[in-house]
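Observations on the three-dimensional arrangement
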Amino acid sequence: MKKILFLPFFALFMFMSCQQEVVDVTAPTEAEALVANSELTSLMTSTSKMDGSKDNIIDNASCLSIELPVTVIVNNHEVTISTEEDYAKIEAYFNEFEDDNDFVNLIFPVTIVLSDFTEVVISNREELQQRILNCNGENEPDDDIECIDFQYPFSFSVYNTSFQVINVVTVENDRQLYHFIKRVREGEVFASINFPITMILADGTTQEVNNNEELQTTIDNAKDSCNEDDNNDYGDDDFTKERLDALLMSCPWVVNEMQRNQNSLNDSYREFVIVFKENNVVKVRNRMGDMLTGTWTTRVTDNGALIKLNFDTLVDFTLEWFVYDLAPGKIKLYQAGGNKIILNKNCDIVIDYTKERIESYLQECFWRVARLSVDGVDNEKDYIGTPLKFLPNNEVNIRVNGELVTGTYEVLVRNIGFILQITLDGRPNLKLEWLITFLEPGLIKLENQNNKMILERHCPNSDNDLNFVEDVLISSTWQVAKYDDGLVHVVDPTVNFYMYTIDFLESGRIKVTDPNFGVTSGSWLAYRNNGLFLGLQFSNDPPFNELTYRWRIVSVTQTRIELKDLGSSGTVERILVLEKK
């Protein structure tokens, strides 16, 4: 009997005592299992260590970091640092004058985070200085690896001493990975990585690895491949003009955030695509598909690197921007007066895409309606569990209650850009002409008048965890064992679901049989989106209408499935537990 658990990391410390169900499997080979005292686990530890160099401008120490928010005095100016982007404010004050003495003073107490993610409260400068003395000096070699990162989430299979799988543990950040590998190295757990996993290189590109040997080689080859920038300024401004130019021209860049004169311009410019070309030509594609052309130049000074953009029409971009941070796959630009641009590197974007390329994207997999706003009203709830499938013969299918509803689609070329025309009877919110405003493998964004739609790719049979969830759901009939809607009730709302039987059919239909043997239908879809989710859609009839939602999957066994509704703040608002009937 196989089991998958998607747990908060602190819950790992309890699994050895509370685990009941196990599955007999073939013992992992030496090549698969993580060896406690091995080069691979050492490399994984170094790669997942907390990198304290990002805030060296305020603490001059790469082995620790100051927890935000924090208030500092910069050249007699009081500055509140709430995010990493705010370090640029300090750099801006430093760059105001070339002949002054720059200084930063922290206002105590502060909390520091050590390289092993331990948090310590520091009451004064003397205590902080003692911690700093334990760190290596500016640009001295250290044992953390910053030139390669893990792409999260990924998972481990955890075995007991009889080589039985007792958990599949998902890690979602460096802190969780560091503590998990620490337990492996100390012999507390015996585990193997569930390959493939993806590594992020220093230039923002990714590399898939399929076994321990490949992972060790990939980290070993990459660990010294970049400048870790462990100096005591902010941002990677100690590079050459040639290096900066090559980075800019390596791939398209997508505007993630923009601000001019302290005013957010995200609504106007987010998802604009910038391509830096040779001969100082820069092209910008807006969300309507229009191409705008300008010029770009760079220069590197003692105070850092600058990029100068000039457009006849894009006046908000026309400025000489200070490069205040380079991270894998990201460039941050800043200029005094509350001006900044954050660009994300995306090598998958094709600026000059064609009708044929768009059709190819559409036909690759199913497409899940992740967002649908019609006249300002959210309508995506109507499409939970009902993905679209675009076929080569201009036929489009949508799964409703497990049954395929067939319509047609066509990609049209217009002066304003590319149009996706969808015709589906009974689905008026989709039966429209949609302007394609953003397209990359896995994501399509569309607009028309006051309507917006986002489609996310869903490829069945491409994810082992999803395959397991689907197999468990289909293999049995289920009942609601617990429903907690977060409200105070005299009677537990779970009783409303007693005597109902839920059957997940392979077609995507949910068959619900009531105590009087009446049958109603719904739709379901298990998918991944920064975690595993189960989309459930039922009719508007109680009690199951309350369960129409995209539920986060917390844990799955052959006999029990726990789901949670997480609010925007990450707090649990509802809990749904299904048990095998």
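A brief structural summary. Keep in mind that this is a model prediction, so the values were computed, not measured.

We now examine the sheet that holds strand β7 (residues 110–114). One open sheet holds the three strands; their spatial order is β3-β7-β8, and the pairing between them is antiparallel. Only two strands of the sheet have a single neighbouring strand rather than two, namely β3 (64–66) and β8 (119–122). Within this sheet the neighbouring strands show an average axis-to-axis angle of 30°, counted without direction. The pairing of β3 with β7 spans three bridges and is antiparallel. By the bridge assignment for β7, S65 is matched with V113. Against the sheet, helix α5 (residues 125–133) touches β3, β7 and β8, its axis set at about 140° to β8.

Our focus in this paragraph is the packing of aromatic side chains. Aromatic ring pairs are defined here through the distance separating the ring centres and the angle between the ring planes. Under the definition given, this model contains 19 aromatic pairs. One aromatic cluster is present, built from ring pairs that chain together F150, Y152, F154, F156 and F180. Here the basic side chain of K389 rests over the ring of F366, its NZ or CZ set 5.6 Å away from the ring centre.

With that settled, consider the packing of helix α2 (residues 39–48) against helix α7 (residues 212–222). Contact geometry of α2 with α7 gives a least axis separation of 10 Å together with a crossing angle of 50°. Taken together, the axes of α2 and α7 are oblique relative to one another. Pair α2 / α7 crosses with left-handed handedness. Seen from α2, the contacting residues are E39, L40, L43, M44 and T47; seen from α7, they are N212, L215, Q216, I219 and D220. By residue class, the composition of the contact of α2 with α7 is five nonpolar, three polar and two charged.

Turning our attention to α2. Extensive coverage of α2 is indicated by the burial of eight of its 10 residues. Taken as a whole, α2 has its buried residues at L40, T41, L43, M44, T45, S46, T47 and S48. The elements touched by buried residues of α2 are β9 (148–150), β10 (154–159), α6 (174–185), β12 (190–193) and α7.

Now for the sheet that holds strand β6 (residues 104–106). Across the sheet, three strands lie side by side as β5-β4-β6; this open sheet has antiparallel pairing. At either margin of the open sheet sits one strand with a lone partner, and together these are β5 (77–81) and β6. Taken pair by pair, the neighbouring strands of this sheet meet at an average axis angle of 30°, ignoring direction. Across three bridges, the pairing between strand β4 (residues 70–74) and β6 is antiparallel. By the bridge assignment for β6, I73 is matched with N105.

Along the chain, F108 connects to P109 via a cis peptide bond; the corresponding omega equals 0°. Mapped onto the elements, P109 comes out in the loop between β6 and β7. Note the cis peptide between Y152 and P153, where omega equals -5°. For P153, the location among the structural elements is in the loop between β9 and β10. Even without a glycine there, the phi angle at Q262 is positive, about 70°. One can find Q262 in the loop between β15 (253–260) and β16 (263–264). For Q262, a relative accessible area of 62% corresponds to the exposed category.

The subject of this paragraph is the state of the cysteines. One pass over the full model with this rule turns up three disulfides. The disulfide bridge from C63 ends at C135, spanning 1.7 Å between sulfur atoms. One quick way to see it: the torsion about the S-S bond of C63 and C135 is about -60°, and its sign makes the bridge left-handed. With C63 in the loop between α3 (56–59) and β3 and C135 in the loop between α5 and β9, this pair connects stretches of sequence that are 72 residues apart. The class for C63 is partly exposed, based on a relative accessible area of 26%. You can call C135 buried: its relative accessible area is 12%. What pairs with C251 in a disulfide is C347, and their sulfur atoms sit 1.8 Å apart. Residues C251 and C347 are joined through a disulfide that is right-handed, its torsion about the S-S bond being 95°.

Going through the model one piece at a time under the given rule, you end up with 17 salt bridges. With a closest N to O distance of 2.8 Å, K355 and E359 form a salt bridge. Taken as a pair, K355 and E359 lie in helix α10 (residues 355–363) at a separation of four residues, close to a single helical turn. Residue R528 pairs with D465 through a salt bridge whose shortest N-O separation is 3.2 Å. Separated by 63 residues along the polypeptide, R528 in strand β36 (residues 519–528) and D465 in helix α11 (residues 464–475) bring together distant segments of the chain. On the basis of relative accessible area, R528 is assigned to the partly exposed category, the value being 35%. Sharing partners across several salt bridges, the network here consists of D463, D465 and R528.

What follows deals with α6. Helix length check: α6 (12 residues) gives 16 Å between terminal C-alpha atoms against 16 Å at 1.5 Å per residue, within 8%. Buried within α6 are the following residues: Q176, L177, Y178, F180, I181, R183 and V184. The opening residue of α6, the one whose side-chain oxygen lies 3.2 Å from the backbone nitrogen of R175, is N173. Directly beyond the C-terminal end of α6, a positive phi value near 80° is found at G187.

What follows concerns the pairing of strand β20 (residues 304–310). Summarising burial for β20: five of the seven residues are buried, a large majority. Relative to β20, strand β19 (residues 291–301) runs antiparallel, the two being bridged by seven bridges. Along β20, the bridge assignment pairs T295 with N310.

Tracing the sequence through the fold places D245 in helix α8 (residues 241–250). A distance of 2.6 Å separates a polar atom in the side chain of D245 from a polar atom in the side chain of T298. Discounting residues that sit within four places of it in the chain, D245 has contacts with W296 and T298.

To continue, consider the nonpolar core. Core analysis: the biggest nonpolar cluster contains 29 residues, and V480, F504, L536, F544, L547 and L576 have the highest contact counts within it. Per-element tally for this core: the top contributor is α11, with five residues. When near neighbours in sequence (up to four residues on either side) are disregarded, F504 contacts L473, I474, W478, R509, I510, W524, L536 and L578.

Criteria and cut-off values
Residues numbered from 1 in each chain as written. Predicted model: local features only at pLDDT ≥ 70, side-chain atom pairs only at ≥ 80, totals over all residues. Heavy atoms only, no water. Pairing = 2+ DSSP bridges. Helix = DSSP H or I, 4+ residues; strand = E, 2+ residues; numbered from the N terminus. Axes fitted to C-alpha atoms, helices over the stretch in contact; angles between N-to-C directions. Contact = heavy atoms within 4.5 Å. Phe/Tyr/Trp six-rings, centres within 6.5 Å; stacked < 30°, edge-to-face > 60°. Lys NZ or Arg CZ within 6 Å of the ring centre and 35° of its normal. Parallel < 35°, antiparallel > 145°, perpendicular 65-115°, else oblique. Left-handed = near helix turned anticlockwise from the far one by under 90°. Nonpolar A, V, L, I, M, F, W, Y, C, P; charged D, E, K, R; others polar. Buried < 20%, exposed > 50% of the residue type's maximum accessible area, 1.4 Å probe, protein only. Disulfide = S-S within 2.5 Å. Salt bridge = Lys/Arg side-chain N within 4 Å of Asp/Glu carboxyl O. Expected span 1.5 Å × (residues − 1). Polar contact = N/O pair within 3.5 Å; in protein donor to acceptor, adjacent residues only side chain to side chain. Core = buried A, V, L, I, M, F, W, Y, C linked by side-chain atoms within 4.5 Å.

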